[in-house]
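Inside the fold
Each chain, written out:
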Amino acid sequence: GPIDVVGDSLGALIALEFALNDPSAVRSLVLSEPPAFWVIPRCERDRNPDLWKMMAIVRRFKPSLEPTDEDLMAFMQGIGETNTEGEVPNISQDDWSARRRCLRGLSAVAEHVDDVARLARFHRPVLLVQGVRTTLFHERINERLAFHLPFSESLLLPSGHSSDLTARNEFLTALRSFLASAQYE
């Protein structure tokens, strides 16, 4: 039968695409700050300097590119994962290297286009997760998703972009509650 699909960041964008392509396979959908740039109208994207800058950063990450430490730092700053000094706190060298390798191929995210009308036709419960200290462009993406998805609700967690991980207990409590009450047409 239908499944509950949960995704974080790029995984949330993939989960959203899966759900829109095969809604009958989905019982419920949980999206934590997907980089669904396409839900923001082009004229608004062009006027939003933070969004425009982030899309420019992401467009550089072609599959053939070997990302540098500077690339990862620019990306982390773009998604708001740095402290007030612009530093990325508490990341081991292994985690840093893994994150840097994950940038490869992200250009597909900025280039992805879709039709917001498909969101309105998705009649399954959706939980939109966001950190209270997230970037303005992720906030705007979630606002647009909430506007277009007919059965969505929002969850604000204390943290930034990775709030489902850094506020794990709060996220899991809300997730269990959402999944227990999730019903669809």
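Above this text sits the structure in question.
Everything numeric here is computed off the predicted structure, so don't read it as measured data.

This part takes up the side chain of serine 32. For serine 32, the location among the structural elements is in strand S2 (residues 26-32). In contact with serine 32, not counting residues within four places along its chain, are Gly7, Asp8, Ser9, Ala12, Val129 and Asp164.

What follows concerns the packing of aromatic side chains. On inspection of all chains with the given rule, the structure shows two aromatic pairs. Between phenylalanine 37 and phenylalanine 137 the ring centres are 6.0 Å apart and the planes differ by 45 degrees, which places this aromatic pair in the tilted class. Of this pair, phenylalanine 37 sits in the loop between S2 and helix H2 (42-47) while phenylalanine 137 sits in helix H8 (residues 136-148), placing them 100 residues apart in sequence. Pair check on accessibility: phenylalanine 37 and phenylalanine 137 agree, each one buried. Geometrically, the ring pair formed by phenylalanine 61 and phenylalanine 75 is edge-to-face, given 6.4 Å between the ring centres and 70 degrees between the ring planes. With phenylalanine 61 in the loop between helix H3 (49-59) and helix H4 (69-78) and phenylalanine 75 in helix H4, the pair connects residues that are 14 residues apart, well separated along the chain. This pair shows no difference in class: phenylalanine 61 is buried, exactly as phenylalanine 75 is.

Criteria and thresholds
Residues numbered from 1 in each chain as written. Predicted model: local features only at pLDDT ≥ 70, side-chain atom pairs only at ≥ 80, totals over all residues. Heavy atoms only, no water. Helix = DSSP H or I, 4+ residues; strand = E, 2+ residues; numbered from the N terminus. Contact = heavy atoms within 4.5 Å. Phe/Tyr/Trp six-rings, centres within 6.5 Å; stacked < 30°, edge-to-face > 60°. Buried < 20%, exposed > 50% of the residue type's maximum accessible area, 1.4 Å probe, protein only.

By themselves these figures say nothing about function.
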